Amino acid sequence: MPEYLVRLAQAHESFRKVELQALADVAGVTLQFVKYEEDSPYCIVNLCSDSAARKIITRSILAQGIYELWGQGSTYRTLHQSVRLLSGFQWPHYENASFRFTVEGYRGGRSASEQRDIIDSFSYMALKGQPRMRLPDVAFRVFEDYDLDAKEPKYLYFGRLVAESPRNEAKRTFDLKKRHYISTTSMDAELTLLTANIAHVAPGKLFYDPFMGTGGFPIACAHFGAVVFGSDIDGRTIRGTGGSARRGQTGKYDVVGNFRQYGIESSYLGAFVSDLTNTPLRIPPPTMDLTTGYLDGIVCDPPYGIREGLKVLGSRQALLETEKQTHQDQYKAPGYIPPKRPYSFTALLDDILAFAVATLVEDGRISMWMPTANDEDIELIIPSHPCLELTSVCVQAFNKWSRRLLTYRRRRESEVPEGTLESAKKEYEKGTRASELNDFRRKYFQGFKEFESMKKEFVRLKMNSRATEETVGTAEEREART
Amino acid sequence: MKLLTLNFLTCAIKTCKTNSASFPLHPRDAELEIVEADVNLPFLKNILPRLMWDELRGICTELGLPELPATPPTPADLIQPSSSTPETTDAAPIAEADEEPSQTAKDLHRVLLETCIQEGKLVCGACEHEYAVKEGVANFLLPGHLV
């Protein structure tokens, strides 16, 4: 298979491979990574053809473009040798084509005259066509990879452009600053599009977001062709009478308006007000066969309980009979607001997974964001379900906490061993106040202090165990698996 | 909310979930609106096996919409038979992108994806609980005594 060079953006590094793999899976093409480093924007992959490469990159948010690899080397001498060897037979195809020839440096660069010298050094390719910067028939590029503050590049690539990604255009179009209606916790547009890609969104599929807010995720999914619907416990955010996060904004601003802004209203089924723990969506009983799901995917960013409260229907304390009677008498009145109570974050995550198992089709995906303090042993607290396979974990790190995008695949019925569905009743945090119920919230508001000392202790223990026994192998295995 | 949403919604009360009468929810005093949209053939094909056909037919009757056929269409029914030389069997199969929606697909699209409920109520057939629809958004939050 030919080798291709993917020019990645040097951002959200842990998402990059996952996104490319997900897009390859959606397009149904085989993708093999030949060379990939978190620290480098250059990635070499094996793909069967230009059209496969185009299919992947024309949806990618974290790639900038894909090039057929025509040569590589650590010096210009070896690069030219490699170009002659790898691509010599291709030169005649492009002999009379109009072309563009550019030089790009990562963490370094060249002056215009040096660039011209570099380009001239490729004269042996004998391109006779017109040089054209705009819309040429073919575009070539020399890539120089520098170490930080180095004078000379450490490695060079040369490639023929196959496809450019929609990254810049999509980021510009969906920029939150230009979006009609947003709220305080709207997710960055780049990350919503990325989430949609990782969740295997594709034309014709049906996607749902149980915590839609102002609709950031459904919009991203609809942009890639899915039909979407969503819900939120706060009807005001959906109907839009709650106003906007922008100062002084008045008038009708709602989720439908967002879809209208991007011209994807026809992919929006609608939204309803509901609580995931009392969802109105059809939940086939677990005793029925597992193939009755109807959602192709679920994407969500559950409320963390910090800026957005984590609440479900119910009351903090069990209602007295007289109180129940009051609710019953008054619930039809126009201004009635149902009581809500804080809820355990870990319980909510497990509820989301159970909901996903009941509603997803086989091989359907659920992608959800989960915040954690940076010093927790993450392997222990990633929620799991026997009917779901964790396919990827991507991390967006902040200072003292980070959030992870967890993606699961709904296993096929044949993959789920019998009897696994009768899961053990889990113990969740008990209490009536938000902080008692939400570990992450408590740590957040304590500035993650109590964990500074624990972190040091944890590192010390790890060092000790590493010195005494060779557990490194298993750690590496675990990394490879994720 | 587009009418297709009713294909997925039941009563939010937990004890109703196991009662078959809780699905579908019955629209009452519904104000309908038609919002034109392009026919999305790949989506119709994908969603077809997941439609609860008899229940959807019932909803259409209750809303006074044109009746759906007694049996669900097959995926082939959704595609307009190619008008130009359908006899040539040696020609390459038509690419998915070139497929034209048939009248069946257009009718289905009209009902499921262009008909929207703007105002009204959705009523559970088992417990009679009413869920209000306002500005096209249904409210499924349960009052204190039902949680």
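Residues numbered from 1 in each chain as written. Chains lettered and ligands numbered in written order. Predicted model: local features only at pLDDT ≥ 70, side-chain atom pairs only at ≥ 80, totals over all residues. Heavy atoms only, no water.

Going by what an unreviewed UniProt entry lists, chain B is known as Trm112p-domain-containing protein and is assigned to Decorospora gaudefroyi. The Sequence similarities (unreviewed entry) comment attached to chain B in UniProt states, word for word, "Belongs to the TRM112 family." (UniProt positions renumbered as here; feature names shortened; annotations may be inferred.)

Looking at an unreviewed UniProt entry, one finds chain A named tRNA (guanine(10)-N(2))-methyltransferase, with Decorospora gaudefroyi as its source organism. The Sequence similarities (unreviewed entry) field of the UniProt record for chain A holds the comment "Belongs to the class I-like SAM-binding methyltransferase superfamily. TRM11 methyltransferase family." Quoted verbatim from the Subcellular location (unreviewed entry) field of UniProt, the annotation for chain A is "Cytoplasm".

Trainee: Describe the interface of chain B and chain A, naming the residues involved and giving the relevant values.
Mentor: Listed by partner, the interface residues are 39 residues for chain B and 43 residues for chain A. Of the roughly 3300 Å² buried between chain B and chain A, counting both surfaces, carbon and sulfur atoms make up 62%. When the buried area of chain B at its contact with chain A is split by residue, B:Phe8, B:Leu141 and B:His145 rank highest and sum to 21% of it. The interface formed by chain B and chain A includes 1 salt bridge. A salt bridge links A:Asp296 to B:Arg50, with the nearest nitrogen and oxygen atoms 2.8 Å apart. Inspection of the region where chain B meets chain A yields 19 residue pairs in polar contact (both at pLDDT 80 or more). Among the secondary structure elements, those contributing two or more residues to the side of chain B that touches chain A are α1 (14-17), α2 (41-47), β3 (130-134) and β4 (137-139) of chain B. Of the residues forming the side of chain B that touches chain A, the biggest block, 4 residues, is contributed by α2(B). Each residue belonging to the side of chain B that touches chain A can be placed in one class, and the counts come to 21 nonpolar, 10 polar and 8 charged. (Contact = heavy atoms within 4.5 Å. Buried area = accessible area lost by both parts, 1.4 Å probe. Salt bridge = Lys/Arg side-chain N within 4 Å of Asp/Glu carboxyl O. Polar contact = N/O pair within 3.5 Å; in protein donor to acceptor, adjacent residues only side chain to side chain. Helix = DSSP H or I, 4+ residues; strand = E, 2+ residues; numbered from the N terminus. Nonpolar A, V, L, I, M, F, W, Y, C, P; charged D, E, K, R; others polar.)

Trainee: Quick one: what's the story with the UniProt feature "domain: tRNA (guanine(10)-N(2))-methyltransferase TRMT11 N-terminal" (unreviewed entry) in chain A, residue by residue and with numbers?
Mentor: Within this numbering scheme, the UniProt entry marks residues 3-167 of chain A as carrying the feature "domain: tRNA (guanine(10)-N(2))-methyltransferase TRMT11 N-terminal" (unreviewed entry). Helix makes up 27% of residues 3-167 of chain A and strand 32%, whereas the separation of the span's terminal C-alpha atoms amounts to 22 Å.

Trainee: Lay out the packing of aromatic side chains in plain terms, naming residues and giving numbers.
Mentor: As enumerated under the stated definition, the model contains 34 aromatic pairs over all chains in all. Ring geometry for A:Phe229 and B:Phe8: centres 5.8 Å apart, planes at 15°, overall stacked. Taken as a pair, A:Phe229 in strand β9 (residues 227-232) and B:Phe8 in the segment before α1 lie in two separate chains rather than in one. Considered together, A:Phe229 and B:Phe8 belong to a single accessibility category, that of buried residues. Among the aromatic residues, those joined into a ring-pair cluster are A:Trp70, A:Trp91, A:Tyr94, A:Phe101, A:Phe122, A:Tyr124, A:Phe140 and A:Phe158. Lying across the ring of A:Phe33, A:Lys17 places its NZ or CZ 5.0 Å from the centre. Between the NZ or CZ atom of A:Arg403 and the centre of the ring of A:Trp369, over which it lies, the distance is 5.2 Å. (Phe/Tyr/Trp six-rings, centres within 6.5 Å; stacked < 30°, edge-to-face > 60°. Buried < 20%, exposed > 50% of the residue type's maximum accessible area, 1.4 Å probe, protein only. Lys NZ or Arg CZ within 6 Å of the ring centre and 35° of its normal.)

Trainee: Help me get a handle on the environment of B:Ala76, residues and values and all.
Mentor: Among the secondary structure elements, B:Ala76 is positioned in the loop between α3 (53-63) and α4 (103-114). Between the alpha carbons of B:Ala76 and B:Ser102 there is a distance of 9.3 Å; along the sequence they are 26 residues apart.

Trainee: Just give me the short version of the domain arrangement of chain A, but keep the residues and values in it.
Mentor: All names here are of chain A. Examined at the domain level, chain A breaks down into domain 1 (3-169) and domain 2 (175-440). When each unit is reduced to the centre of its C-alpha atoms, the spacing between domain 1 and domain 2 is 39 Å. Counting from both sides, the interface comprises 14 residues of domain 1 and, opposite them, 17 residues of domain 2. At the junction of domain 1 and domain 2, the tally comes to 1 salt bridge. The closest approach of N and O atoms between arginine 167 and glutamate 190, which form a salt bridge, is 2.9 Å. Scanning the region where domain 1 abuts domain 2 turns up 5 residue pairs in polar contact (both at pLDDT 80 or more). (Domains from an automatic or database assignment.)

Trainee: Kindly report on helix α11 (residues 345-359) of chain A, identifying the contributing residues and their values.
Mentor: Residues and elements named next belong to chain A. Taking 1.5 Å of rise per residue, 15 residues should cover 21 Å, and α11 covers 21 Å from first to last C-alpha, within 8% of that figure. Of all 15 residues making up α11, 12 are buried, and the element is well covered by its neighbours. Within the sequence span of α11, burial applies to Phe345, Ala347, Leu348, Leu349, Asp350, Ile352, Leu353, Phe355, Ala356, Val357, Ala358 and Thr359. (Expected span 1.5 Å × (residues − 1).)

Trainee: I'd like a description of the sheet that holds strand β7 (residues 155-164) of chain A, backed by residues and values.
Mentor: Residue and element names in this part refer to chain A. Spatial strand order, β2-β3-β1-β4-β7-β6-β5: 7 strands in an open sheet with mixed pairing. The open sheet has two free edges, formed respectively by β2 (32-35) and β5 (99-106), since each of these has just one partner strand. Recorded for the sheet is a direction-independent mean angle of 35° between the axes of neighbouring strands. In terms of strand pairing, strand β6 (residues 138-145) meets β7 through 6 bridges, oriented antiparallel. Counted as the bridge partner of phenylalanine 143 is tyrosine 157 from β7. With respect to the sheet, helix α3 (residues 76-87) is in contact with β4 (63-73), β6 and β7, its orientation differing from that of β4 by roughly 95°. (Pairing = 2+ DSSP bridges. Axes fitted to C-alpha atoms, helices over the stretch in contact; angles between N-to-C directions.)

Trainee: For the pairing of strand β15 (residues 388-397) of chain A, give the residues involved together with the corresponding values.
Mentor: Residues and elements named next belong to chain A. Summarising the sheet, β15 and strand β16 (residues 401-410) pair through 9 bridges and their orientation is antiparallel. Bridge pairing links leucine 388 to arginine 410 in β16. Taking the residues between adjacent antiparallel strands as the criterion, β15 and β16 are bridged by 3 residues.

Trainee: Break down the packing of helix α6 (residues 189-198) of chain A against helix α7 (residues 216-223) of chain A for me, citing the residues and quoting the values.
Mentor: Axis angle and axis distance: for two packed helices, these are the angle between their axes and the distance between the axes, and together they describe the pair. All names here are of chain A. For the pair α6 and α7, the least separation of the axes is 8 Å and the interaxial angle reads 60°. On the basis of their axis angle, the class for α6 and α7 is oblique. The two elements α6 and α7 cross, and the hand of that crossing is right-handed. Where α6 abuts α7, its residues Thr192, Leu193, Thr195 and Ala196 lie against Gly216, Phe217, Ala220, Cys221 and His223. Residue classes in the contact of α6 with α7 are distributed as 5 nonpolar, 4 polar and no charged. (Parallel < 35°, antiparallel > 145°, perpendicular 65-115°, else oblique. Left-handed = near helix turned anticlockwise from the far one by under 90°.)

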